[in-house]
Amino acid sequence: MMRGNSSNGSECGRIKWRSAARESLLEIVDYISDDNPQAAVALMDEIDEKVVRLLQNPAIHRQGRVAGTRELVVRPNYIVVYMCSDENIVIIQVLHAAQQWPL
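Computed from a predicted model, the values in this text were never measured in an experiment.

**Student:** Help me understand the packing of helix α1 (residues 19–35) against helix α2 (residues 37–53), please; the structure alone is not making it clear to me.
**Tutor:** Working note: a packed helix pair is described by the angle between its axes plus the distance between those axes. One way to put it is that α1 packs onto α2 with a least axis distance of 6 Å and a crossing angle of 150°. As summarised for this structure, α1 and α2 are arranged roughly antiparallel, according to the angle between their axes. Within the contact between the two elements, α1 uses L25, L26, I28, V29, I32, S33 and D35 and α2 uses P37, A39, A40, L43, M44 and I47. Looking at the contact of α1 with α2, its residues break down into 11 nonpolar, 1 polar and 1 charged.

Below is the structure:
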């Protein structure tokens, strides 16, 4: 899904998605597309764009509810949970704000 590389030591080099995060994102987009396909595509594009920007400054977003994670608020209702590990950004989960996290 996402990709990128880095030449600056303060940046992370690649984005890796855990399978649970991909599945959650697709479920969210599928649910929205039932009523509004254009909104679903717009949300997917927005998440993609904001996740790619993490490569430039992964520490910019708030600390996560789980130790070692950070949370990118895409919109008030959508959150991308990630961590920077071994010079990679690992997308752990994509949540609707109403979802309980961690489980």
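**Student:** How should I be thinking about the side chain of S24 in this particular structure?
**Tutor:** By the element assignment, S24 lies in helix α1. Among the residues examined, S24 registers a relative accessible area of 14% and is labelled buried. If sequence neighbours within four positions are ignored, S24 has contacts with Q93 and V94.

**Student:** What am I meant to see in the pattern of salt bridges here?
**Tutor:** When the charged atoms of two side chains lie near each other, side chains of opposite charge can form a pair. Scanning the entire structure with this criterion turns up 5 salt bridges. The partner of K50 in a salt bridge is E46, and the shortest N-O contact between them spans 3.1 Å. One end of the pair is K50 and the other is E46, both in helix α2 and 4 residues apart, which spans about a single turn. With relative accessibility at 22%, the residue K50 sits in the partly exposed group. E46 sits in the partly exposed class, given a relative accessible area of 22%. A salt bridge links R53 to E49, with the nearest nitrogen and oxygen atoms 2.4 Å apart. On the criterion of helical spacing, the pair formed by R53 and E49 is a turn pair, its members being 4 residues apart in helix α2. Relative accessible area serves as the criterion here: at 44%, R53 is assigned to the partly exposed category. A relative accessible area of 45% means that E49 is categorised as partly exposed. A single network of salt bridges, built from pairs that share partners, joins E46, K50 and R75.

Scoring rules and cut-offs
Once a new chain begins, its residue numbering starts again from 1 and follows that chain's sequence as written. Predicted model: local features are reported for residues with pLDDT of at least 70 only, side-chain atom pairs are reported and counted for 80 or more only, and whole-chain, interface and lining totals are derived from all residues. Side-chain figures throughout are based on the complete set of non-hydrogen atoms in the structure, without hydrogens or water. With axes taken as lines fitted to C-alpha atoms, and helix axes fitted only over the stretch in contact, angles between N-to-C directions fall between 0 and 180 degrees. Numbering goes from the N terminus for both helices and strands, where a helix is a DSSP run of H or I of at least four residues and a strand is a run of E of at least two. Roughly parallel refers to an angle under 35 degrees, roughly antiparallel to one over 145, roughly perpendicular to one between 65 and 115, and oblique to any angle outside these ranges. Any two residues whose heavy atoms approach within 4.5 Å are treated as being in contact. Gly is placed with the polar residues, together with every amino acid not listed as nonpolar (Ala, Val, Leu, Ile, Met, Phe, Trp, Tyr, Cys and Pro) or charged (Asp, Glu, Lys and Arg). Throughout this description, buried means an accessible area under 20% of the type-specific maximum (1.4 Å probe, protein chains only), exposed means over 50%, and partly exposed covers the range between. For this document, the term salt bridge refers to a Lys or Arg side-chain nitrogen within 4 Å of an Asp or Glu carboxyl oxygen.

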